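What follows is the residue order along each chain.
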Amino acid sequence: MTDNKRTLEEQKEEFKRKKLLASPIAGLIAWLIVAISGFFFPDNITVWVLFIATGSIVYLAMGISKLTGEDYLDKSKPKNTFDTLFFLTVAQAILVYSIAIPFFIEDYTSLPLTIGILTGLMWVPLTWIIDHWVGLFHSILRTILILVLWYLFPSDRFITIPIAIVVVYILSIIILKNRKFKL
């Protein structure tokens, strides 16, 4: 799976130079759709929007990656171990639905809390991969905001939590766009 001609350090440096914008843009769009649904539709519809929208982030990111120049599906690029690691963090985020679904069955309003926090954890390893604080910033701020809003606005969880996640995505995208690379 790795390119034997390049060291892990060379592959890491190559990965760090990527824009890394397609996935956060996809996440922003998905959670914005959830917030809009929460505002206009009852919760029994919004829960399905949340499942479908967040479950579609990876596919949306694949399409957006063509527009950002990242092109996740470009087979002509040399394999990079850190691309594989990144996609494994995506798989991890999908697997956390196994935690969210039982809580959803007990209390449907837990869904923005569980999906919001658990899928945000995939940002933590990004900090190490790109040697930049944005991943920790995203995960920690997202977790704190979700917890606070979940307790403060129990009747508006499907609106306030997705809006907070969208704001964190906007900040993270700005940070990613403006980060400096060491060559």
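Please refer to the structure higher up on the page.
Quick caveat: nothing in here was measured; it's all calculated off a predicted structure.

Trainee: Even after reading the chapter, I still don't get the overall build of the chain, so can you show me in this structure?
Mentor: Each helix and strand counted, the chain has 10 helices and zero strands in total. Along its sequence from the N terminus, the chain presents helices and strands in the succession α-α-α-α-α-α-α-α-α-α. Relative to the 2.2 N^0.38 estimate, which gives 16 Å for 183 residues, the radius of gyration of the chain is 17 Å and therefore close to what a compact globule would have. Counting only C-alpha atoms, the chain reaches 55 × 30 × 25 Å along its principal axes. Within the chain, the fraction of its 183 residues that count as buried is 48%.

Trainee: What is the right way to look at the nonpolar core in this model?
Mentor: Across soluble globular proteins, you tend to see nonpolar side chains buried next to one another. Within the largest apolar cluster, 46 residues are counted, with the highest numbers of intra-cluster contacts made by Phe 15, Trp 31, Leu 111 and Ile 130. Here this core gets nine residues from one element, more than from any other, and that element is helix H10 (residues 157-178). Those residues within four positions of Leu 111 in sequence are excluded, and the remaining contacts are Val 47, Leu 50, Phe 51, Ala 100, Phe 104, Gly 116 and Phe 158.

Trainee: I keep staring at the environment of Ser 155 and nothing clicks. Help me out?
Mentor: Relative to the helices and strands, Ser 155 is located in the loop between helix H9 (134-152) and H10. Given the relative accessible area of 64%, Ser 155 is considered exposed.

Trainee: Could you clarify how one ought to interpret the packing of helix H7 (residues 111-120) against H10 in this entry?
Mentor: When two helices pack together, their arrangement is given by the angle between the helix axes and the distance between those axes. One way to put it is that H7 packs onto H10 with a least axis distance of 9 Å and a crossing angle of 15°. By the angle class used here, H7 and H10 are roughly parallel. Handedness of the H7/H10 crossing: right-handed. Residues Leu 111, Pro 112, Leu 113 and Gly 116 of H7 pack against Arg 157, Phe 158, Ile 161 and Ile 165 of H10. Partitioned by chemical class, the residues of the contact of H7 with H10 number six nonpolar, one polar and one charged.

Trainee: For this particular structure, what's the right way to read unusual backbone geometry?
Mentor: For residues that are not glycine, phi is negative in most cases, and the peptide bond is trans in most cases. Of note in this structure, Leu 20 is not a glycine but carries a positive phi near 60°. Residue position: Leu 20 is located in the loop between helix H1 (8-16) and helix H2 (22-40). The class of Leu 20 is buried, set by a relative accessible area of 10%.

What counts, and where the lines are drawn
In this numbering scheme, every chain counts its residues from 1 along its sequence in written order. It should be noted that, the model being predicted, local features are given only for residues of pLDDT at least 70 and side-chain atom pairs only at 80 or more, the latter also being counted only at that level, while totals for whole chains, interfaces and linings use all residues. No hydrogens and no water enter the side-chain calculation; it runs on all heavy atoms of the structure. Each helix is a run of DSSP H or I of at least 4 residues and each strand a run of E of at least 2, with the numbering of both proceeding from the N terminus. We take the radius of gyration over the C-alpha atoms and set the globule estimate at 2.2 Å times the residue count to the 0.38 power. Note on classification: 1.4 Å probe, protein chains only; a residue is buried when its accessible area is under 20% of the maximum for its type, exposed when over 50%, partly exposed between these limits. Here the nonpolar core consists of buried residues drawn from Ala, Val, Leu, Ile, Met, Phe, Trp, Tyr and Cys, with membership extended through side-chain atoms lying within 4.5 Å. Contact definition: two residues touch when any of their heavy atoms are within 4.5 Å. Note on geometry: axes are lines fitted to C-alpha atoms, helical ones only across the stretch in contact, with angles between N-to-C directions running from 0 to 180 degrees. Geometric relationships in this document are graded by angle, where less than 35 degrees denotes roughly parallel, more than 145 denotes roughly antiparallel, 65 to 115 denotes roughly perpendicular, and other angles denote oblique. It is the rotation of the near helix from the far one that decides the hand of a crossing: anticlockwise by less than a right angle makes it left-handed, clockwise makes it right-handed. Ten residue types, Ala, Val, Leu, Ile, Met, Phe, Trp, Tyr, Cys and Pro, are classed as nonpolar, four, Asp, Glu, Lys and Arg, as charged, and the remainder, Gly among them, as polar.

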